[in-house]
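The lines below spell out each chain.
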Amino acid sequence: MKRSVFTADHEEFRAAVRDFLARDVVPNVDEYAENKLIAREVWHEAGKQGILGLEIPEAYGGGEAGDYRFNAVATEELAAVNMALASSFGIHFDIVTPYVVDLASEAQKQQWLPRMAAGEAVAAIGMTEPSAGSDLANLKSSAVRDGSDWILNGSKTFITNGYTADVVVVAARTDPTQRSKGISLFLVDTSLPGFERGRKLDKVGQPEADTAELFFDDVRLPADAMLGEPGTGFVSMMERLPQERIGAAVTNVAHAKQILLETIEYAKERKAFGNSIGSFQHNKFLLAELVTKIEVAQSYIDAAVAEHSDAGLSAVDAAKAKWWSAQVQNEVLDHCVQLHGGYGYMREYRVARAWMDARVTKIWAGSNEIMKEIIGRDLEL
């Protein structure tokens, strides 16, 4: 079906993003995977293309698109190359940037936003801890006052961009007597004394997206490093999670769609018993099912993108988009591997890497089980 969510301006931007990726990224993706790192030059080029400044006001060097559909376009094109690009860049421009734009002091905005827009400073977000994944209210990292400063201690794990980040939004407990109301957010400069990174974590998939543990040992933060008011961190995270989850959903469908298209071409070319494997009724029917699943999921995601661009997506609808897209993505890619036969299990094939890259989407940004809990509560169950 013809998609109606995007205008000619969005498609013009898409073409520019696609050209950038074909020119500066695709020829080097194997190198990024081997190094478990996206080269800093790519960040600079993405900044020049305006991808990293979509949420940043012009006064700070951004494009201030004011239209989430541009975010979605960039995310789709990144995901079509691989999940890691969408993950790393998405954390930076689609997830972290709104915290800085909405909540940071003027001095912090001046310090970080121009560099973030240009790709000169890479951003990450530190929510997850060894003892607090989906249960954000249970985090243990703490910040205590020392005069006008704050002293931050604790650790975070599974942090995308963690190994290379120049700045990290960190959630920490500032009131031990409160649960969710005792959490605050801080903008942490990773060059400060007391900040340390662990090794690059050895993930099943997405090796290009550097992921690390972060450690804070008496990191002294100035008063204006706090984002918002004390005790408002949990609310701030909850308010911004719908954008994170619709971004994840856009990524999931675009990623699966691209690999499915490549699998269809493979099924046309691959011969067995004298015929293309796609001509066998079982495979033909299977591919018909997969194409339909992707298009139906795409329609819901497009509606969610339009809603988020217009009025802001509800937490419940974002949860629906996130879990369903992750489920469809993983089902589709598993069948794509099967259709490739033994070659589908070889890392040198894109389908194998895509299959590994996608498994985490049912876990991160709130596990699929948590998404169903959110939906179920809305049903007053």
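Residues numbered from 1 in each chain as written. Predicted model: local features only at pLDDT ≥ 70, side-chain atom pairs only at ≥ 80, totals over all residues. Heavy atoms only, no water.

Chemist: How do you make sense of the packing of aromatic side chains when you look at a structure like this?
Modeler: Working definition: an aromatic ring pair is given by the centre-to-centre distance plus the angle between the planes. Scanning the model with the defined rule gives seven aromatic pairs in all. Aromatic side chains Trp 323 and Trp 324 sit 5.4 Å apart centroid to centroid with 85° between the ring planes, which places their arrangement in the edge-to-face category. Residue Trp 323 is classed as buried on the basis of its relative accessible area, which comes to 18%. Taking relative accessible area as the criterion, Trp 324 reaches 41% and is therefore assigned partly exposed. Directly above the aromatic system of Tyr 99 lies the positively charged group of Arg 240, at a separation of 5.4 Å from the ring centroid. (Phe/Tyr/Trp six-rings, centres within 6.5 Å; stacked < 30°, edge-to-face > 60°. Buried < 20%, exposed > 50% of the residue type's maximum accessible area, 1.4 Å probe, protein only. Lys NZ or Arg CZ within 6 Å of the ring centre and 35° of its normal.)

Chemist: Looking at this structure, I do not really get the nonpolar core. What am I missing?
Modeler: For soluble globular proteins, nonpolar side chains are generally found buried alongside one another. With 62 residues, the main nonpolar core has Val 25, Phe 89 and Ile 246 as its most contacted residues. Top contributing element to this core by residue count: helix H7 (residues 233–269), with 11 residues. Residues in contact with Ile 246, not counting those within four places in the same chain, are Tyr 68, Ile 301, Ala 304, Val 305, His 308, Leu 313 and Ala 321. In this structure, Ile 95, Trp 112, Leu 139 and Leu 187 belong to the second largest nonpolar core, which totals 31 residues. (Core = buried A, V, L, I, M, F, W, Y, C linked by side-chain atoms within 4.5 Å. Helix = DSSP H or I, 4+ residues; strand = E, 2+ residues; numbered from the N terminus. Contact = heavy atoms within 4.5 Å.)

Chemist: Looking at this structure, how should I read the pattern of salt bridges?
Modeler: Opposite charge on two side chains permits them to pair, given that their charged atoms come into close proximity. Tallying each qualifying case throughout the model produces 21 salt bridges. The salt bridge partner of Glu 11 is Arg 14, with a shortest N-O separation of 2.8 Å. Separated by three residues within a single helix, Glu 11 and Arg 14 lie in helix H1 (residues 8–25), roughly one turn from each other. Measuring nitrogen to oxygen at the nearest pair gives 2.6 Å for the salt bridge that ties Arg 220 to Asp 146. Of the two residues, Arg 220 is situated in strand S7 (residues 211–221) and Asp 146 in strand S2 (residues 142–146); the sequence distance between them amounts to 74 residues. Residue classification places Asp 146 among the partly exposed residues on the basis of a relative accessible area of 37%. Shared partners join several salt bridges into a network, and the residues in it are Arg 3, Glu 11, Arg 14, Arg 18, Glu 76, Glu 77 and Asp 302. (Salt bridge = Lys/Arg side-chain N within 4 Å of Asp/Glu carboxyl O.)

Chemist: What exactly am I supposed to notice about the UniProt feature "domain: Acyl-CoA dehydrogenase/oxidase C-terminal" (unreviewed entry) in the protein chain here?
Modeler: Using the residue numbers shown here, the UniProt feature "domain: Acyl-CoA dehydrogenase/oxidase C-terminal" (unreviewed entry) corresponds to residues 231–379. A distance of 29 Å separates the end C-alpha atoms of residues 231–379, which is 76% helix and 3% strand. (UniProt positions renumbered as here; feature names shortened; annotations may be inferred.)

Chemist: Would you mind showing me how to read the packing of helix H5 (residues 83–103) against H7 here?
Modeler: A pair of packed helices is captured by two measures, namely the crossing angle of their axes and the spacing between those axes. Where H5 meets H7, the closest approach of the two axes is 10 Å, and the angle between their N-to-C directions is 155°. As the angle between them shows, H5 and H7 are arranged roughly antiparallel. In this structure, H5 crosses over H7, and the sense of that crossing is right-handed. For the pair H5 and H7, the contacting residues are Met 83, Ala 86, Asp 94, Ile 95, Pro 98, Tyr 99, Asp 102 and Leu 103 in the first and Ser 236, Met 237, Arg 240, Gln 243, Glu 244, Gly 247, Thr 251, Asn 252 and His 255 in the second. (Axes fitted to C-alpha atoms, helices over the stretch in contact; angles between N-to-C directions. Parallel < 35°, antiparallel > 145°, perpendicular 65-115°, else oblique. Left-handed = near helix turned anticlockwise from the far one by under 90°.)

Chemist: So what exactly am I meant to see when it comes to H5 here?
Modeler: Note that an α-helix has 3.6 residues per turn; residues three or four places apart therefore point the same way. Spanning 21 residues, H5 covers 29 Å between terminal C-alpha atoms, matching the ideal 30 Å at 1.5 Å per step. Most of H5 sits inside the fold, with 20 of its 21 residues counted as buried. Sitting at the amino-terminal end of H5 is Asn 82, which places a side-chain oxygen 3.1 Å from the backbone nitrogen of Ala 84. (Expected span 1.5 Å × (residues − 1). Polar contact = N/O pair within 3.5 Å; in protein donor to acceptor, adjacent residues only side chain to side chain.)

Chemist: Is there a simple way to explain the pairing of strand S4 (residues 167–173) in this structure?
Modeler: Two faces, one strand: in a regular strand the side chains alternate between the faces of the sheet. The buried fraction of S4 amounts to seven of the seven residues, a majority that puts the element mostly inside the structure. Relative to S4, strand S1 (residues 123–126) runs parallel, the two sharing four bridges. Residue Ala 124 lies in a different strand from S4, and its bridge partner there is Val 168. Sheet topology note: the S4/strand S5 (residues 183–189) ladder contains seven bridges and is antiparallel. Bridge assignment links Val 169 to a residue of S5, and that residue is Leu 187. (Pairing = 2+ DSSP bridges.)

Chemist: Which parts of the structure should I look at to understand the side chain of Asp 94?
Modeler: When you line up the elements, Asp 94 lands in helix H5. Despite its burial, Asp 94 pairs with no opposite charge; the closest candidate is Arg 240, at 11 Å N-O. The contact partners of Asp 94, leaving out residues within four places of it in the chain, are Glu 55, Tyr 68, Asn 71, Phe 89, Gln 243 and Gly 247. (Lys, Arg positive; Asp, Glu negative; His and termini not counted.)

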